[in-house]
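So the chains spell out like this:
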Amino acid sequence: QSILTQAPSASGTPGQRVTISCSGSDSNIRSNRVHWFQQLPGRAPNLLISNTNQRPSGVPDRFSGSKSGTSASLAIDGLQSEDEADYYCETWDDSLNGHVFGTGTRVTVL
Amino acid sequence: QLQLVESGGGVVQPGRSLRLSCVASGFIFSKHSMHWVRQAPGKGLEWLSVISQRSDRTFDADAVKGRFMISRDDAKNTLFLDMTSLRPDDTAIYYCARESEAGPFDYWGQGTLVSVSS
């Protein structure tokens, strides 16, 4: 099982703010950059946030990332129907000498 | 445009081997580290392996260490994953992904499905 823990689900109505947390440890989140991926149903993952809080070109500014200690967060401000997807955090783990993904959070727009 | 196309998936019996390929186009393949990531049906993403530029270094997840081997052929812009001693819990969609210069996986292939079943 993954060593980065995320809540299995989150939901909100259109326009609401939704926050997804990713809990790790000193050997991963505290020490390394965190990235976030969005996976739409039936599609490959897509880079959403890089290096904790940077949006790649084309990603709407309603998506933002942050990190504090051994936890990272992804926020969606102004939730839209097309944001229904699975979201994963990812980082490097110094103890495992490998990359690790979070357990994933499914966002539902009510 | 930049593209990663995986192939080689299929149905295979437990204990057998399989080689996956990922052909890259639209960027200078040799300048990027490349990764394999898989996703079992209805499950989350699992990182498997990385190979650096010039194949200097590789790292593997414990789950596949000693059974899977990542390699690359820069002349053919192709990434490989050689999988041996396959088990039913290796059933998954296998994605290749490019590591950007800044670190994250910025481009992914569409995936190839491997099903291990007798």
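Residues numbered from 1 in each chain as written. Chains lettered and ligands numbered in written order. Predicted model: local features only at pLDDT ≥ 70, side-chain atom pairs only at ≥ 80, totals over all residues. Heavy atoms only, no water.

Below, the discussion takes up the overall build of chain B. The helix and strand tally for chain B stands at zero helices and 11 strands. Counted from the first residue to the last, chain B has its helices and strands arranged as β-β-β-β-β-β-β-β-β-β-β. Taking 118 residues into account, the globule formula puts the C-alpha radius of gyration at 13 Å, and chain B, at 13 Å, falls close to it. Reported as C-alpha extents along the three principal axes, the dimensions of chain B are approximately 40 × 25 × 25 Å. A burial count over chain B gives 49% of its 118 residues as buried. Intrachain contacts of chain B at a sequence separation of at least 6 include 54% that bridge at least 24 residues. In the structure as shown, chain B presents an accessible area of about 5,600 Å², 48% of it carried by carbon and sulfur atoms. Across chain B, the 13 positively charged side chains and the 13 negatively charged ones have centroids separated by 3 Å. (Helix = DSSP H or I, 4+ residues; strand = E, 2+ residues; numbered from the N terminus. Rg over C-alpha atoms; globule rule 2.2 N^0.38 Å. Buried < 20%, exposed > 50% of the residue type's maximum accessible area, 1.4 Å probe, protein only. Contact = heavy atoms within 4.5 Å. Areas by Shrake-Rupley, 256 points an atom, 1.4 Å probe, with all protein chains shown as cover. Lys, Arg positive; Asp, Glu negative; His and termini not counted. Charge placed at Lys NZ, Arg CZ, Asp CG, Glu CD.)

Next up on the list: the pairing of strand S4 (residues 46–49) of chain A. Residue and element names in this part refer to chain A. As judged from the three bridges shared by strand S3 (residues 35–39) and S4, these two strands associate in the antiparallel manner. What sits directly across from Gln38, in S4, is Asn46. Adjacent in sequence and paired antiparallel, S3 and S4 are bridged by six residues, among which Gly42 carries a positive phi angle near 75 degrees. (Pairing = 2+ DSSP bridges.)

Okay, the interface of chain B and chain A next. It is common to report an interface's size as the accessible area lost on association of the parts. Residue-level contacts link 19 residues of chain B with 18 residues of chain A. A combined buried area of about 1,400 Å² lies between chain B and chain A, and 66% of that area is made up of carbon and sulfur atoms. When the area that chain B buries against chain A is broken down by residue, the three leading residues are Leu45, Trp47 and Phe105 of chain B, summing to 35%. Viewed at the interface, chain A and chain B are joined by three residue pairs in polar contact (both at pLDDT 80 or more). Counted by class, the side of chain B that touches chain A contains nine nonpolar, five polar and five charged residues. (Buried area = accessible area lost by both parts, 1.4 Å probe. Polar contact = N/O pair within 3.5 Å; in protein donor to acceptor, adjacent residues only side chain to side chain. Nonpolar A, V, L, I, M, F, W, Y, C, P; charged D, E, K, R; others polar.)

With that out of the way, let us pick up the state of the cysteines. Between two cysteines, a covalent bond joining their sulfur atoms is known as a disulfide. Within this structure, the stated rule accounts for two disulfides over all chains. In this model Cys22 of chain A forms its disulfide with Cys89 of chain A; the gap between the sulfur atoms is 2.0 Å. Measuring the twist about the S-S bond at about 70 degrees, one finds the Cys22 of chain A-Cys89 of chain A disulfide to be right-handed. Here the residue Cys22 of chain A occupies a position in strand S2 (residues 17–23), and Cys89 of chain A occupies one in strand S7 (residues 85–93), the gap between them amounting to 67 residues. Assessed through its relative accessible area of 0%, Cys89 of chain A is described here as buried. Each disulfide pairs two cysteine sulfurs, and for Cys22 of chain B the partner residue is Cys96 of chain B, the sulfurs being separated by 2.0 Å. Classification of the bridge connecting Cys22 of chain B and Cys96 of chain B rests on its S-S torsion, roughly 55 degrees, and on that basis the disulfide is right-handed. Within this pair, whereas Cys22 of chain B is found in strand S3 (residues 18–25), its partner Cys96 of chain B is found in strand S9 (residues 92–99), the two being separated by 74 residues in sequence. A relative accessible area of 0% means that Cys22 of chain B is categorised as buried. (Disulfide = S-S within 2.5 Å.)

This brings us to the pattern of salt bridges. Scanning the entire structure with this criterion turns up 13 salt bridges over all chains. Note that Asp26 of chain A and Arg30 of chain A form a salt bridge whose closest N and O atoms lie 2.6 Å from each other. Accessibility expressed as a relative area gives 45% for Asp26 of chain A, which makes it partly exposed. Take Arg30 of chain A: its relative accessible area is 48%, and that puts it in the partly exposed class. Members of the salt-bridge network, linked through shared partners, are Arg38, Glu46, Arg67 and Asp90 of chain B. (Salt bridge = Lys/Arg side-chain N within 4 Å of Asp/Glu carboxyl O.)

Next up on the list: the nonpolar core. In this structure, Trp36, Leu79, Leu81, Met83 and Tyr94 of chain B are the most contacted members of the largest nonpolar core, which totals 23 residues. Among the elements of the structure, S3, strand S4 (34–39), strand S5 (45–51), strand S7 (68–73), strand S8 (78–83), S9 and strand S11 (112–116) of chain B are those that each provide at least two residues to this core. Grouped together as the second largest cluster of nonpolar side chains are 22 residues, Ala10, Ile20, Trp36 and Ala85 of chain A included. (Core = buried A, V, L, I, M, F, W, Y, C linked by side-chain atoms within 4.5 Å.)

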